[in-house]
Amino acid sequence: MMHIGIIEVCELNHYTAVLALAETYAVNQENEIYIFTIESISTSFNYTDNRIKLIIKRNDQSIADFLKEISSLCLDRVHINTISHYYKEFAETDWSGDLYFTVHNIELWFDNPLSGRVSGLIHGMKESLFKRGINNRFLPLILFIKDFVRQYYRKVFIRKISKIKHKILVYSSSQQKYLFRYVEPSNTIVFPFCLYGNLKDTSIGNPKIRVCIPGSVSDKKRDYSSFFRMLIDNAELFKEKMSIDLLGFIPESDRHLLTKVKDLQSLGIDISYNLGFITSAEFDIRLAQADIVLGNLRSAINLYQRYGETKETGVIFNMIKAGKPGLLPSGYPVDDSLKDMVIPFSDYNHLLDILRMVVANSIDLNAFKAKALETAKYYQPSYLYQSLVD
């Protein structure tokens, strides 16, 4: 029997990772799980197991006091799911026992040299000065200054937990392999961001092949320019046979992409988009309607950030959640356990060839979808529990 605490006080969008941990620990009927969070995040947690208990920070309680209270409890294991705010408070808390810390961006915590931050500042200032839709031109400079303090407390936190029993949790084997540069392999663990969600597949009978691109619509981390150009150049081929769902909001800084979206619509391409945030319920409904998930990722975001190495993408986990097949750049390292649900593409000419084969039925889409569903079902609590307790 274990008493397990899971802390999420920073990011609303990380609730699925918390639930994945909680529901997996609940496989053992003797375990008791406590989710520690704040009121604005608490409404996202939906579960039915009465052994999972939600503990919300009081309004009159500081984050520092809340963390101190958690650390004083007799918990067998504590998971810190995200530190993207409150760096000082986490670093100054006296943690003890068995601590698991999820690292979302390895380079920030283990390889964040001043030279890289200065390079990021220069790039950010250039972009803010010349790109439309940016309200605060000095935001990159403000963030650069703030990160000096954050980096100090990141180092304090890592030094402190290195003196107690701990593990660093990441979301993929390729991330774990990259982490070995900085952390002893025995102090690392892989666990997915989300579980197979048992969503009802509503793609059956789609009049057109529905391609879904989950995540915010931004050219910074995704290559929408190349994808839209490919669609415009081949509109006659796709307009009767394929629909596109941009399943994420378009931020102000990327509203210039709307021009291309409307160009596509004028050419007869069926394309859905959103200017505001999408509720989790609507997101799941639309994800379940997809035939294929497309990850038009820029594998290397900059010199220090690479998808599948320093950080992971939500695209692969949306595929797992809905049991959907995906198309991903060949530069993105896919875990062996997930390769059956992915077709890689080397560039956008190659992607065009793949989509041509899909709409021409040269690729058996139903078989591809069935294989993806079979693969995703292994991402359920009963299969994953042992990986948490070994």
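What counts, and where the lines are drawn
- Each chain has its residues counted from 1, running along the sequence as written.
- With pLDDT at 70 or above as the cut-off, local features in this predicted model cover only qualifying residues; side-chain atom pairs require 80 or more to be listed or tallied, and sums for whole chains, interfaces and linings still use all residues.
- Excluding hydrogens and water, the side-chain values take into account all heavy atoms of the structure.
- Comment: elements are numbered from the N terminus, with helices defined as DSSP H or I runs of at least four residues and strands as E runs of at least two.
- Helices are assigned an expected span. That span is 1.5 Å times one less than the residue count.
- Under the rule applied, a polar contact is a pair of N or O atoms within 3.5 Å (in protein, one hydrogen donor and one hydrogen acceptor; residues adjacent in sequence only if both atoms are side-chain atoms).
- We call two strands paired when DSSP finds no fewer than two bridges between them.
- Under this scheme, a helix contributes an axis fitted over its contacting stretch, all axes are lines through C-alpha atoms, and angles between N-to-C directions fall in the 0 to 180 degree range.
- Between two residues, a contact is recorded if the distance between any of their heavy atoms is within 4.5 Å.
- Any angle from 65 to 115 degrees is called roughly perpendicular, while one under 35 is roughly parallel, one over 145 is roughly antiparallel, and all others are oblique.
- Each helix crossing is assigned a hand: it is left-handed if the near helix lies turned anticlockwise from the far helix by less than a right angle, otherwise right-handed if that turn is clockwise.
- Side-chain classes follow a simple rule in which Ala, Val, Leu, Ile, Met, Phe, Trp, Tyr, Cys and Pro form the nonpolar group, Asp, Glu, Lys and Arg form the charged group, and the remainder, Gly included, forms the polar group.

### Considerations on helix H14 (residues 348-359)
So, step 1. Compared with the 16 Å implied by 1.5 Å per residue over twelve residues, the 16 Å span of H14 between its first and last C-alpha is a close match.
So, step 2. Backbone nitrogen of Asn-349 and a side-chain oxygen of the N-cap are separated by 3.1 Å at the start of H14; the cap is Asp-347.
So, step 3. Following H14 by one or two positions, Asn-361 has its phi on the positive side, about 65°.

### Some points on the sheet that holds strand S13 (residues 342-345)
So, step 1. Taken in spatial order, the six strands make up an open sheet running S10-S9-S8-S11-S12-S13, and their pairing is parallel. The sheet is open, and its two edges are formed by strand S10 (270-274) and S13, each paired on a single side. This sheet shows a mean twist of 25° between the axes of neighbouring strands, independent of strand direction.
So, step 2. Looking at chain direction, strand S8 (residues 209-214) and strand S11 (residues 292-294) are connected through two bridges and run parallel. Bridging across to S11, Val-211 finds its partner in Ile-292.
So, step 3. Set on the sheet, helix H9 (residues 224-233) makes contact with S8, strand S9 (242-249), S10 and S11; between it and S9 the angle comes to about 160°.

### Looking at the packing of H9 against helix H11 (residues 257-266)
What describes two packed helices is the angle between their axes and the distance between those same axes.
So, step 1. Packing of H9 against H11 leaves a shortest axis separation of 10 Å and a crossing angle of 20°. Comparing their axes, H11 and H9 come out roughly parallel. Crossing hand, H9 versus H11: left-handed. Counting all contacts with H9, which are made through Tyr-224, Phe-228, Leu-231 and Ile-232, the residues of H11 involved are Leu-257, Lys-260, Val-261, Asp-263 and Leu-264.
So, step 2. Class assignment of the residues belonging to the contact of H9 with H11 gives a composition of seven nonpolar, no polar and two charged.

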